[in-house]
Amino acid sequence: MSNTGYITEDTIVALATSSGTNGAIAVIRVSGQNAIKITNEIFKGKNLLQQASHTIHFGTIRDGEEIIDEVLVSLFVAPNSYTRENSVEISTHNSKYIIERVVNLLIKKGARAARPGEFTLRAFLNGGMDLSQAEAVADLIASNSAASHQVAMQQMRGGFSNQLKSLREDLIHFASLIELELDFSEEDVEFANRDQLKNLINKIQVIVQKLVQSFEQGNVLKNGVPVVIAGKPNVGKSTLLNAFLNEERAIVSDIAGTTRDTIEDEINIHGVTFRFIDTAGIRETADVIEAKGVERTREKMKQARLIIYLFDPTQDKVEEVQAQLPEIERLQIPFVTIINKSDLLSEAQKEVYNVLNPLYISAKEQIGVEELKDELINRVHLGNLNTDDVMVTNIRHVEALQKTADSLERVIYGIDNPVTSDFLAMDIRQALYHLGEITGSVSTDDLLDNIFSKFCIGK
Ligand SMILES: Nc1nc2c(c(=O)[nH]1)N(C=O)[C@@H](CNc1ccc(C(=O)N[C@@H](CCC(=O)O)C(=O)O)cc1)CN2
Ligand SMILES: Nc1nc2c(ncn2[C@@H]2O[C@H](COP(=O)(O)OP(=O)(O)OP(=O)(O)O)[C@@H](O)[C@H]2O)c(=O)[nH]1
């Protein structure tokens, strides 16, 4: 429960901008007690130790007499910085050589290389933000659609934390009243009004449940809607995927430190990311009716929130399509029935398939693809995103919320049954503990390591 593993007296340095070759300017970030002092030792210009916070200064970085670069230095004096520590940003010309020289100079003068996420970790440890806000910073960097951007921004701005904070405060109030009763246990007094406590807990339960329920949608918004394109060999699955991808390739970031491990094919439809689950396994055993392939296919498909099921009318007559439907229905995942290769059908031939109520498309000729996209959006029931709605997007947070709910349930049970105050107090403390896990008022080094090691260096 301590953060003793972290030495925050160190002054840390890292390149904050992308290390690629593009871009004219690079920003080197320095943070810690001695950030300004150390920078001042290699900077020739105004004396940085005498300048006000949030000022910018022109000068040169020197190694002895040698000029390494002409730079701009931005000053942030503690506690008025991102990390809440003294911070400096040195804007150099974007040359690998210059960056290396400047960083090495700073290290020679006493700074050390920052670990991934260490600047944001410090912002958290120094009270600049809570843990869920710090996690949102990583989500924001990884965001690649209007929806994922919006939920991350909302969480970074503290919407989620604010709700929890006031809940915790109310609960703490009751916990202390009940603990007070323990001191007077001889006298059989009740400082904590049980009806009021029950009311409060019911109120909290409603909010906690709403947050838990928001995860399904929040997760989809953050990570994209998992979709499988399925169907027999040669129905046109790859062609359809390409038709999607060619048009609206999602902005896919593979910046190290984003929370995502693998990048899959993604498309952005009306601001929502659809993530196509790799169906390589399904392709091999494409016929879901085929007994051998069914289990594997099912496993793979279970990850999907939506299945786009393609039929090829030149392969399958309407009866054959109908015969396949029960197997898909058995998966209990919403699916869209698609008759592909409609360019090969006459109007009369099409009509035969109307009983299936399908969407007719031609992946190859890009006919009906827009309508399919609209259908996908309708099917995932995202509704209109409300910026004010707090949304949980993090599995760690849902788990903590569920544990909170369990503890609160025990408190209610304790009020309604002859349970002594000390047990009641314990369950309330337990609920407080789990709420605290989310905001980081309760945290372990392992948890922090786990969260921040996924960030990029320089963040
Ligand atoms: N150059 C640069 N750009 C950046 C950051 C940064 O640290 N440096 N950020 C982060 O990585 C983000 C912005 N976040 C920041 C948050 C607070 C403060 C800051 O100086 N806060 C002071 C002063 C506030 C004020 O003047 O109103 C404070 O809160 O006291 C700076 C950046 C995105 N862009
Ligand atoms: N006429 C026509 N041909 C199409 C259409 N869509 C796909 N095809 C053709 O159908 C063949 C198979 O398409 P693919 O996209 O490779 O089919 P698939 O389902 O991915 O096939 P597998 O990877 O073997 O499972 C190709 O020759 C495509 O050009 C379409 O809408 N109209």
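Conventions adopted
Residues numbered from 1 in each chain as written. Chains lettered and ligands numbered in written order. Predicted model: local features only at pLDDT ≥ 70, side-chain atom pairs only at ≥ 80, totals over all residues. Heavy atoms only, no water. Near = heavy atom within 4 Å. Polar contact = N/O pair within 3.5 Å; in protein donor to acceptor, adjacent residues only side chain to side chain. Areas by Shrake-Rupley, 256 points an atom, 1.4 Å probe, with all protein chains shown as cover. Helix = DSSP H or I, 4+ residues; strand = E, 2+ residues; numbered from the N terminus. Nonpolar A, V, L, I, M, F, W, Y, C, P; charged D, E, K, R; others polar. Buried < 20%, exposed > 50% of the residue type's maximum accessible area, 1.4 Å probe, protein only. Pairing = 2+ DSSP bridges. Core = buried A, V, L, I, M, F, W, Y, C linked by side-chain atoms within 4.5 Å. Contact = heavy atoms within 4.5 Å.

Asks: Looking at this model, I keep getting lost on the site of ligand 2. Mind explaining?
Replies: Taken together, 16 residues lie around ligand 2, and Lys237, Ser238, Thr239, Asp343 and Ala363 are the ones closest in. Aspartate 343 is positioned with one of its side-chain polar atoms (N or O) 2.8 Å from a nitrogen atom of ligand 2. Between ligand 2 and lysine 364, the relevant distance is 3.2 Å, taken from an oxygen atom to a main-chain nitrogen or oxygen of the residue. For ligand 2, the accessible surface in isolation is 650 Å², of which the surrounding protein chains cover 74%. Tallying contributions element by element places helix 8 (residues 237–248) first for the shell around ligand 2, with three residues. Classifying every residue of the shell around ligand 2 by side-chain character gives four nonpolar, six polar and six charged.

Asks: So what exactly am I meant to see when it comes to the side chain of asparagine 94 here?
Replies: Examined against the element boundaries, asparagine 94 turns out to sit in the loop between strand 6 (87–93) and helix 2 (96–108). Judged by its relative accessible area of 18%, asparagine 94 is buried.

Asks: Honestly, the site of ligand 1 in this entry has me stumped. Any pointers?
Replies: In the vicinity of ligand 1, the contacting residues are Arg29, His54, Phe76, Asn80, Ser81, Tyr82, Arg84, Glu89 and Lys459. At 2.5 Å, a side-chain N or O of arginine 29 approaches an oxygen atom of ligand 1. Here an oxygen atom of ligand 1 and a side-chain polar atom of histidine 54 are 2.7 Å apart. Taken by itself ligand 1 offers 670 Å² of open surface, and the protein chains cover 46% of this. Grouping the amino acids of the shell around ligand 1 by side-chain chemistry returns two nonpolar, three polar and four charged.

Asks: So what exactly am I meant to see when it comes to the pairing of strand 11 (residues 306–311) here?
Replies: Walk down a regular strand and you will see the side chains alternate between the two sheet faces. With six of six residues buried, strand 11 is to be regarded as a mostly interior element. Residues Leu306, Ile308 and Leu310 line one face of strand 11 and the alternating positions Ile307, Tyr309 and Phe311 line the opposite face, and both faces are buried. Strand direction decides the pairing type here: strand 8 (residues 225–230) and strand 11, joined by four bridges, are parallel. The residue bridging valine 228 from the neighbouring strand is isoleucine 307, located in strand 11.

Asks: Could you clarify how one ought to interpret the nonpolar core in this entry?
Replies: As a rule of thumb, soluble globular proteins bury nonpolar side chains together. Counting residues in each nonpolar core, the largest one holds 33 residues, and the members touching the most others are Leu164, Leu171, Leu197, Leu401 and Ile428. Elements that contribute at least two residues to this core include exactly helix 6 (159–183), helix 7 (194–223), helix 14 (395–416) and helix 15 (421–439). Excluding residues within four positions of it along the chain, leucine 401 makes contact with Leu164, Val208, Leu211, Val212, Val392, Leu435 and Ile438. In terms of nonpolar packing, the next biggest core, distinct from the first, is built from 26 residues, Ile269, Ile308, Ile361 and Ala363 among them.

Scope: geometric values only; no functional claims are made or implied.
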